[in-house]
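Coordinate analysis (summary)
Residues per chain are reported as follows:
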Amino acid sequence: MKILVTSSGKTLESAVDPRFGRSVGFIVYDTDTETFQAYDNTQNLNAAQGAGIQAAGAVSRTGAKCVLTGHCGPKAYRALIAAGIEVFVGVDGTVKEAIDRYRTGKLSTASGPDVEGHW
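Below or above, wherever it landed, is the structure these notes cover. (Residues numbered from 1 in each chain as written. Predicted model: local features only at pLDDT ≥ 70, side-chain atom pairs only at ≥ 80, totals over all residues. Heavy atoms only, no water.)

Thoughts on the overall build of the chain
When you go through the chain residue by residue, the secondary structure sums to 4 helices and 5 strands. Along the chain direction, N to C, the helices and strands of the chain fall in the order β-β-β-α-α-β-α-β-α. Computed over the C-alpha atoms, the radius of gyration of the chain is 12 Å, within 12% of the 14 Å expected from 2.2 N^0.38 for a compact globule of 119 residues. In terms of overall dimensions, the chain has a C-alpha envelope of 35 × 25 × 25 Å along the principal axes. Classification of the 119 residues of the chain by burial places 45% in the buried group. The long-range fraction of contacts in the chain, counting pairs at least 24 apart against all pairs at least 6 apart in sequence, stands at 53%. Taken as a whole, the chain presents about 6,000 Å² of accessible surface, with 51% of it coming from carbon and sulfur. Charge centroids of the chain, computed over 12 positive and 12 negative side chains, lie 6 Å from each other. (Helix = DSSP H or I, 4+ residues; strand = E, 2+ residues; numbered from the N terminus. Rg over C-alpha atoms; globule rule 2.2 N^0.38 Å. Buried < 20%, exposed > 50% of the residue type's maximum accessible area, 1.4 Å probe, protein only. Contact = heavy atoms within 4.5 Å. Areas by Shrake-Rupley, 256 points an atom, 1.4 Å probe, with all protein chains shown as cover. Lys, Arg positive; Asp, Glu negative; His and termini not counted. Charge placed at Lys NZ, Arg CZ, Asp CG, Glu CD.)

So, in structure tokens, the structure goes:
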């Protein structure tokens, strides 16, 4: 299974980026192969609008089944859920720590967005 974590860098030691749509990048970790790939998200950093929806589309294309992030706005949340992708908010620390907490069941699925749009 693939897990996507919003990231401020390109390694498992990078900090979790607290933003979803406007995160610096994404790390997609494959639990089957124990490998990861970094994706750039700079095209959405300064988007006037639609950053969350565009980022949700990018997530869907990676094949990730869940997103671990600090915060997720309403449009991005709806787009992710519509694509069948679970969302976990309130995630912090390093990407590796976030993945470990997910794998050990220490994270709870979000019941909805936790910030307003354009955050």
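A few points about the pattern of salt bridges
According to the stated counting rule, one finds 4 salt bridges in the structure shown. Across the salt bridge formed by D17 and R19, the nearest N and O atoms sit 2.9 Å from each other. D17 sits in the buried class, given a relative accessible area of 3%. Note on R19: relative accessible area 29%, which makes it partly exposed. Here R103 makes a salt bridge to E34, at a shortest N to O gap of 3.1 Å. Highlighted residues: R103 in helix 4 (residues 95–103) and E34 in the loop between strand 2 (25–30) and strand 3 (35–40), separated in sequence by 69 residues. We classify R103 as partly exposed; its relative accessible area is 41%. Given a relative accessible area of 44%, E34 falls into the partly exposed group. (Salt bridge = Lys/Arg side-chain N within 4 Å of Asp/Glu carboxyl O.)

Section: helix 2 (residues 51–62)
Taking 1.5 Å per residue as the helical rise, helix 2 with its 12 residues ought to reach 16 Å, and the 17 Å between its terminal C-alpha atoms agrees with that figure. Burial in helix 2 covers these residues: A51, G52, A55, A56, A58, V59 and T62. All buried residues of helix 2 fall inside an arc of 160° around its axis, so they share one side. Following helix 2 by one or two positions, G63 adopts a phi angle in the positive range, close to 85°. (Expected span 1.5 Å × (residues − 1). Arc of directions from axis to C-beta.)

Thoughts on the environment of I81
When you line up the elements, I81 lands in helix 3 (residues 74–82). You can call I81 partly exposed: its relative accessible area is 40%. Sequence-wise, I81 and C66 are 15 residues apart; in three dimensions their C-alpha atoms are separated by 9.6 Å.

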